[in-house]
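Fold and contact review
Take a look at the letters that make up each chain.
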Amino acid sequence: MFEIVKTVFLLSCIGTGITLILLLIKPFTVRKLSAKWQYFAWILVILFMIIPVWKMIPEKEVKNFTPYFSKVQTETTEQNITQPQTVIIEDVPMEYRQITIQSKSIRIYDLIAYTWACGVCLFLIFAFGSYFVFLVRKKKNSIDIEENKIFEEIKKELNIKRKIRIRISNDTASPMLVGVFFPVIYMSKKAISQESQKMIYRHELTHYKHKDLIFKWFSLIVNAIHWFNPFAYLVSANISEACEVACDMSVIKDMTEQEQKAYMNTILDLVKNKKGRE
């Protein structure tokens, strides 16, 4: 199992290096690159943190190695028979070093591996448990909206045929899309103008169309694997930030200047309401 841990630590180091580079050049990329490309750049980071690329490179075959090894082994065996001696290994590799706890020995690498595995399990249990409690609370404090003409119009504009439910929630300050397999948009109970509704629905449906929830869950899984690395949390935070910015830019790209201002005012109002509820 320590081979898995070594691979994870190496991937974590690679991810840390790439994250530091992206953070250093972020002031430049924000001005020069589109939000979409910045989003993809952070997604590439989590791919590098989970795919050991070097293992995909085929190894070169070493010729005439076996006969030579056999010859050396034979000579060594004969020498050991004729001249027996005791060999003391002073420098033991890390994976074979042991510690004793109450008369029981365990290799240090095994201890590290078990600690890492426990951390991954606890991280995922907490994440999925919190999400499950969140969904139960939301469903309990909300009601379904059977028909919404504005919502259907926006779906048609974005060419989305999948059934997506809308629920009005008592404890939702800001609209949100949840559910990868059974998508639901939760809306606040507060009265919203038709124009603002269009903006909100277009934003949430754009998230759905871009599969942003899948990328966020993938980011969470990678974060769980690298729970010991503080840079993994920075990557997740930057993915969420880049995701929202990319979504906003996608929504307003075909809008007039007046519509863009209306959209940004709607977003700002929602942010203020969310902070006010907190």
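Read on for a plain summary of the structure. Note that the structure is a prediction, hence the values are computed from the model and not measured.

How each quantity is defined
Residues numbered from 1 in each chain as written. Predicted model: local features only at pLDDT ≥ 70, side-chain atom pairs only at ≥ 80, totals over all residues. Heavy atoms only, no water. Helix = DSSP H or I, 4+ residues; strand = E, 2+ residues; numbered from the N terminus. Buried < 20%, exposed > 50% of the residue type's maximum accessible area, 1.4 Å probe, protein only. Contact = heavy atoms within 4.5 Å. Areas by Shrake-Rupley, 256 points an atom, 1.4 Å probe, with all protein chains shown as cover. 1 Å grid on protein atoms, 1.4 Å probe; cavity = no way out; pocket = protein on both sides within 12 Å on 5 of 7 lines; lining within 4 Å. Points joined across faces, edges and corners; volume = space filled by probe spheres on them. Nonpolar A, V, L, I, M, F, W, Y, C, P; charged D, E, K, R; others polar. Arc of directions from axis to C-beta. Phe/Tyr/Trp six-rings, centres within 6.5 Å; stacked < 30°, edge-to-face > 60°. Polar contact = N/O pair within 3.5 Å; in protein donor to acceptor, adjacent residues only side chain to side chain. Axes fitted to C-alpha atoms, helices over the stretch in contact; angles between N-to-C directions. Parallel < 35°, antiparallel > 145°, perpendicular 65-115°, else oblique. Left-handed = near helix turned anticlockwise from the far one by under 90°.

1. Quick notes on the overall build of the chain
Helices and strands together make up the secondary structure of the chain, namely nine helices and six strands. Taking all 278 residues of the chain together, 33% fall into the buried category. In the chain, 67% of the contacts between residues at least 6 apart in sequence involve partners at least 24 apart. For the chain, the accessible surface area stands at approximately 19200 Å², while carbon and sulfur atoms represent 62% of it.

2. Here we look at the layout of surface pockets
In this structure, the second largest pocket occupies an estimated 310 Å³ of space. Counting residues per element, the ones that place at least two in the lining of the second largest pocket are helix H4 (108-140), strand S4 (165-169) and strand S6 (184-188). Among the elements that take part in the lining of the second largest pocket, H4 stands out by supplying three residues, more than any other. Its residues assigned to classes, the lining of the second largest pocket comprises nine nonpolar, one polar and three charged.

3. Here we look at empty space enclosed by the protein
Over the atoms rolls a probe the size of a water molecule, and its path tells where empty space is left. The tally for this structure, following the rule as stated, stands at one cavity of 30 Å³ or more. Every residue along the wall of the largest cavity is listed here: Ile46, Met49, Ser219, Val222, Asn223, Ala232, Val235 and Ser236. Going through the elements one at a time, helix H7 (212-225) and helix H8 (230-252) are the ones with two or more residues in the lining of the largest cavity. Partitioning the lining of the largest cavity into residue classes produces five nonpolar, three polar and no charged.

4. A closer look at helix H5 (residues 149-157)
Within H5 the residues assigned to the buried category are Ile150, Phe151, Ile154 and Lys155. Here the buried residues of H5 occupy an arc of 140° about the axis, which is enough to place them on one side. For H5, the exposed residues set more than 90 degrees away from the buried face come down to Lys149 and Lys156. In the core, the buried residues of H5 are packed alongside S4, S6 and helix H6 (194-209). Backbone geometry just after H5 places asparagine 159 at a positive phi near 60°.

5. Overview of the packing of aromatic side chains
In this structure the tally under the stated criterion is ten aromatic pairs. Between phenylalanine 9 and phenylalanine 228, the aromatic rings sit 4.7 Å apart at their centres with planes inclined by 15°, giving stacked as the arrangement. With phenylalanine 9 in helix H1 (residues 2-32) and phenylalanine 228 in the loop between H7 and H8, the pair connects residues that are 219 residues apart, well separated along the chain. Aromatic pair phenylalanine 151 and tyrosine 201: ring centres 5.1 Å apart, planes at 75°, arrangement edge-to-face. Separated by 50 residues along the polypeptide, phenylalanine 151 in helix H5 and tyrosine 201 in helix H6 bring together distant segments of the chain. We note that phenylalanine 151, like tyrosine 201, is buried. By way of ring pairs, the aromatic residues Trp37, Tyr39, Phe40 and Phe215 are connected into one cluster.

6. As for the side chain of arginine 202
Mapped onto the fold, arginine 202 is located in helix H6. At 2.7 Å, the side chain of arginine 202 and the side chain of glutamate 157 are in polar contact. Residues in contact with arginine 202, not counting those within four places in the same chain, are Ile154, Glu157, Leu158, Val251 and Met255.

7. Some details on the packing of H6 against H8
At a minimum axis separation of 9 Å, H6 and H8 run at an interaxial angle of 120°. Compared by their axis directions, H6 and H8 come out oblique. Note on packing geometry: the crossing formed by H6 with H8 is right-handed. Across the interface between the two elements, Arg202, His203, Thr206 and His207 from H6 touch Cys243, Glu244, Cys247, Asp248, Ser250 and Val251 from H8. Partitioned by chemical class, the residues of the contact of H6 with H8 number three nonpolar, four polar and three charged.

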